[in-house]
Amino acid sequence: MMNNKTAACLRYFLIILLLVFASVLMLNEAVMADDPLDEQESQISIDLGDAEVSFKHDVYAYTGKEREPSPVVRLGGKRLKKDRDYTLSYEDNLLPGTASVTVAGAGDYEGEIKASFMIRLKTPDLVSAESVSAGARIKWKAVKGADRYKIYRREKNSTKWKRIETVRGRLFYTDKS
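Residues numbered from 1 in each chain as written. Predicted model: local features only at pLDDT ≥ 70, side-chain atom pairs only at ≥ 80, totals over all residues. Heavy atoms only, no water.

(A) Representation of the overall build of the protein chain. The secondary structure content of the protein chain amounts to two helices and 14 strands. Going through the 177 residues of the protein chain one by one, you find that 20% of them count as buried. Within the protein chain, residue pairs in contact and separated by at least 24 positions form 40% of the contacts whose partners lie at least 6 positions apart. When the accessible surface of the protein chain is split by element, carbon and sulfur atoms take 53% of a total near 13700 Å². (Helix = DSSP H or I, 4+ residues; strand = E, 2+ residues; numbered from the N terminus. Buried < 20%, exposed > 50% of the residue type's maximum accessible area, 1.4 Å probe, protein only. Contact = heavy atoms within 4.5 Å. Areas by Shrake-Rupley, 256 points an atom, 1.4 Å probe, with all protein chains shown as cover.)

Written out as structure tokens, the structure is:
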């Protein structure tokens, strides 16, 4: 059995031991915080070169305004977040044709990857199709941005379509065949 003096010394010794242990832990954390290897590891960036970029649609309708569809960017199965992991810049995204977006790394990511999407004029809405003495006449509504309309006819007994006329300056066509 311990006497009171021995027990008091033991408690005092344990308290000093705990204080020394706590000081060593704090000193260790301070040294680790200043470790240049940790800073180098945190500065390593991940290259976007193998990222996958996809859009909700392959083709977007021409509106007369710049089209800026938001792509989904994935790297290694992980979906990246816009403005945190990457930024976007668009090119040729006003008129019909092929537009592109550049995905540039941000935050922990670096490098760039490009993806493209199509802008197409809307298909005209049919107003009427009627038989006239000269043949068959079709009429349609104007499409914003269109300066001509290509008329196609499906070939007889086939699934193929053949362009038969390009119309400028009017919203109807009479097929005389």
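This is not the end of the story, as more comes after the structure.
(B) Representation of the environment of Phe 117. Here Phe 117 lies in strand β9 (residues 112-120). Judged by its relative accessible area of 2%, Phe 117 is buried. Between the alpha carbons of Phe 117 and Pro 69 there is a distance of 8.9 Å; along the sequence they are 48 residues apart. Setting aside anything within four residues of it in sequence, one finds Phe 117 in contact with Phe 55, Asp 58, Tyr 60, Arg 67, Pro 69, Tyr 90, Asn 93, Gly 97, Thr 98, Ala 99 and Ser 100.

(C) Main features of the pairing of β9. Along β9, the buried face is formed by Ile 113, Ala 115, Phe 117 and Ile 119; none of Glu 112, Lys 114, Ser 116, Met 118 and Arg 120, which line the opposite face, is buried. As paired elements, strand β3 (residues 59-61) and β9 share three bridges and run parallel to each other. Bridging across to β9, Ala 61 finds its partner in Arg 120. Both strand β7 (residues 97-105) and β9 contribute to a ladder of eight bridges, which runs antiparallel. The residue bridging Gly 97 from the neighbouring strand is Ile 119, located in β9. (Pairing = 2+ DSSP bridges.)

(D) Structural detail: the packing of aromatic side chains. By the definition in use, this model includes four aromatic pairs. Ring centres of Tyr 90 and Phe 117 lie 6.4 Å apart, and the angle between their planes is 75°; on these two criteria the pair is classed as edge-to-face. Here Phe 117 lies in strand β9 and Tyr 90 lies in strand β6 (residues 86-91), a separation of 27 residues in the sequence. We classify Tyr 90 as buried; its relative accessible area is 18%. (Phe/Tyr/Trp six-rings, centres within 6.5 Å; stacked < 30°, edge-to-face > 60°.)

(E) Quick peek at the side chain of Asp 175. Structurally, Asp 175 is set in strand β14 (residues 172-175). At a separation of 2.7 Å, a polar atom in the side chain of Asp 175 contacts the side chain of Arg 153. If we skip the residues at most four places from it in the chain, Asp 175 touches Ala 134, Gly 135, Ala 136, Arg 153 and Ile 164. (Polar contact = N/O pair within 3.5 Å; in protein donor to acceptor, adjacent residues only side chain to side chain.)

(F) Spatial organisation of unusual backbone geometry. Within the chain, Asp 83 stands out as a residue other than glycine whose phi angle is a positive 70°. Checked against the element boundaries, Asp 83 lands in the loop between β5 (78-79) and β6. Its identity as a non-glycine residue notwithstanding, Asn 157 has a phi of 55°, on the positive side. In this structure, Asn 157 sits in the loop between β12 (149-154) and β13 (161-167). Note on Asn 157: relative accessible area 79%, which makes it exposed.

All we've got here are geometric facts, nothing functional implied.
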